[in-house]
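# Summary of structural features
Listed below, chain by chain, are the residues.
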Amino acid sequence: MTTIEANLQHVRARIAAACDRAGRDVNAVTLLAVSKTFDVDAVLEAVQAGQKAFGENYIQEGVEKVLALEDMVRSAGHDAGVEWHCIGPVQSNKTRLVAAHFQWVQSVDRIKIAQRLSDQRPENLPPLQVCLQVNIDGGNNKSGASPNEVFELAEAVHAMPRLSLRGLMSIPEPAPDFEGQRNLFLRTKVLFDSLNDRGYGLDTLSMGMSDDLEAAIAAGSTMVRVGRAVFGHRPRKN
Ligand SMILES: *Cc1c(COP(=O)(O)O)cnc(C)c1O
């Protein structure tokens with residue numbers, strides 16, 4: 001067994017245990033493997049271990065991997081059915097790349113960016129699946145719409161023809177203990193529920209990473225984004 005395969009098994013077991021403790025169905029939580037800074041060989045290894053959904057922060061780097069993996073899969077003669085999620089900040093000059101190469105974008109926090117993504121989504125592809133990133137605790141220098149802005153943003157995205165609004169994504173500050181972390185995640189869950197009370201039919205609450213996925217699942221997360229616990233420690237970016 002490769003290291004990545006063993007890591008994936010371990011993370012899946014953590015998710016299952018957390019679901020069990022929370023009285024939730026294990027199938028209610030999707031594992032997104034965050035492959036930023038790792039090369040396409042690592043992604044392929046994860047694909048071969050049954051992983052389907054991958055997250056990338058840096059758009060240029062992500063697109064290179066999307067294309068390289070498509071080539072590898074095509075030359076191996078099968079369709080891996082892999083799904084790519086953009087989870088990093090999207091600047092205006094990168095929306096075209098995101099619209100063309102990703103199935104999901106979880107980091108939409110402005111109407112202007114959403115409009116560009118909708119306008120630029122190629123006609124031959126299904127609508128781009130969208131989560132709104134919310135800055136739930138007002139953390140400094142962080143991306144995300146404020147909880148107040150989210151309602152207007154949701155209404156705008158909901159109306160865009162080439163976007164499909166699926167849910168919320170958040171990255172709260174680290175808390176000192178499990179209960180504190182769970183309470184921070186619960187704030188996003190409350191916001192998620194109040195959007196659904198308005199009829200948006202959201203099904204994706206993306207929260208929880210390598211160090212705090214248990215607390216996120218206890219608070220109702222439906223998608224955990226896990227990097228280091230799957231791929232190992234990231235080489236420093238310079
Ligand atoms: C890097 C990153 C992750 C994964 O973090 P780990 O601590 O490596 O699990 C998840 N979400 C976002 C938005 C990230 O940038």
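Refer to the structure presented above.
Now for a quick tour of the structure. (Residues numbered from 1 in each chain as written. Predicted model: local features only at pLDDT ≥ 70, side-chain atom pairs only at ≥ 80, totals over all residues. Heavy atoms only, no water.)

Here a ring pair, both rings aromatic, is described through the centre-centre distance and the interplanar angle of the planes. Summed over the entire model, instances satisfying the criterion amount to two aromatic pairs. The interplanar angle of 25° and the centroid separation of 5.3 Å between the aromatic rings of Phe38 and Phe231 together place this pair among those described as stacked. Taken as a pair, Phe38 in the loop between β1 (30–34) and α2 (40–48) and Phe231 in helix α9 (residues 228–231) lie far apart in primary sequence, 193 residues in all. Since its relative accessible area comes to 8%, Phe231 is described here as buried. (Phe/Tyr/Trp six-rings, centres within 6.5 Å; stacked < 30°, edge-to-face > 60°. Helix = DSSP H or I, 4+ residues; strand = E, 2+ residues; numbered from the N terminus. Buried < 20%, exposed > 50% of the residue type's maximum accessible area, 1.4 Å probe, protein only.)

If you add up the space inside the largest pocket, you get close to 400 Å³. If you trace the largest pocket, you find 19 residues lining it, with Lys36, Asn57, Ile171, Met209 and Arg225 closest to the centre. Among the residues forming the lining of the largest pocket, the class breakdown is seven nonpolar, seven polar and five charged. (1 Å grid on protein atoms, 1.4 Å probe; cavity = no way out; pocket = protein on both sides within 12 Å on 5 of 7 lines; lining within 4 Å. Points joined across faces, edges and corners; volume = space filled by probe spheres on them. Nonpolar A, V, L, I, M, F, W, Y, C, P; charged D, E, K, R; others polar.)

The full count for this structure, using the stated rule, is one cavity of 30 Å³ or more. Approximately 30 Å³ is the volume found for the largest cavity. Around the largest cavity, the lining residues are Ser170, Ile171, Pro172, Phe185, Gly208, Met209, Asp212 and Arg225. Grouping the amino acids of the lining of the largest cavity by side-chain chemistry returns four nonpolar, two polar and two charged.

Turning next to the packing of helix α1 (residues 3–22) against α2. Remark: α1 packs on α2, axes separated minimally by 9 Å, with the N-to-C direction vectors making an angle of 55°. Judged by the inter-axis angle, α1 sits oblique to α2. Crossing geometry of α1 relative to α2 is assigned as right-handed. Contacts from Thr3, Ile4 and Leu8 in α1 reach Ala42, Glu45 and Ala46 in α2. Across the contact of α1 with α2, the residue classes tally to four nonpolar, one polar and one charged. (Axes fitted to C-alpha atoms, helices over the stretch in contact; angles between N-to-C directions. Parallel < 35°, antiparallel > 145°, perpendicular 65-115°, else oblique. Left-handed = near helix turned anticlockwise from the far one by under 90°. Contact = heavy atoms within 4.5 Å.)

Right, let's talk about α2 for a bit. By the burial criterion, the buried members of α2 are Val40, Ala42, Val43, Ala46 and Val47. The buried residues of α2 all sit within an arc of 155° when viewed along its axis, so they share a single face. Looking at the buried side of α2, the elements it contacts are α1, β2 (53–56), α3 (59–75), β3 (83–86) and α9. One or two residues past the end of α2 sits Gly50, with phi positive at roughly 95°. (Arc of directions from axis to C-beta.)

Spanning 20 residues, α1 covers 28 Å between terminal C-alpha atoms, matching the ideal 28 Å at 1.5 Å per step. All of the buried residues along α1 are Ile4, Asn7, Leu8, Val11, Arg14, Ile15, Ala18 and Cys19. Angular distribution of buried residues about the axis of α1 spans 130°; they occupy a single face of the element. Of the residues in α1, the exposed ones pointing more than 90 degrees away from the buried face are His10, Asp20 and Arg21. (Expected span 1.5 Å × (residues − 1).)

Turning to the site of the ligand, a few remarks are in order. Contacts to the ligand come from Val34, Lys36, Asn57, Ile87, Ile171, Met209, Ser210, Arg225, Val226, Gly227, Arg228 and Arg234. Lys36 places a side-chain nitrogen or oxygen 2.7 Å from an oxygen atom of the ligand. Within the backbone of Gly227, a nitrogen or oxygen atom sits 2.8 Å from an oxygen atom of the ligand. When isolated, the ligand has an accessible area of 390 Å², and the protein chains bury 93% of it. The cavity that encloses the ligand is the largest pocket. Looking at the shell around the ligand residue by residue, the classes come out as five nonpolar, three polar and four charged. (Near = heavy atom within 4 Å. Polar contact = N/O pair within 3.5 Å; in protein donor to acceptor, adjacent residues only side chain to side chain. Areas by Shrake-Rupley, 256 points an atom, 1.4 Å probe, with all protein chains shown as cover. Sits in = over half its atoms within 2 Å of the grid points.)

These figures come from the coordinates and say nothing about function on their own.
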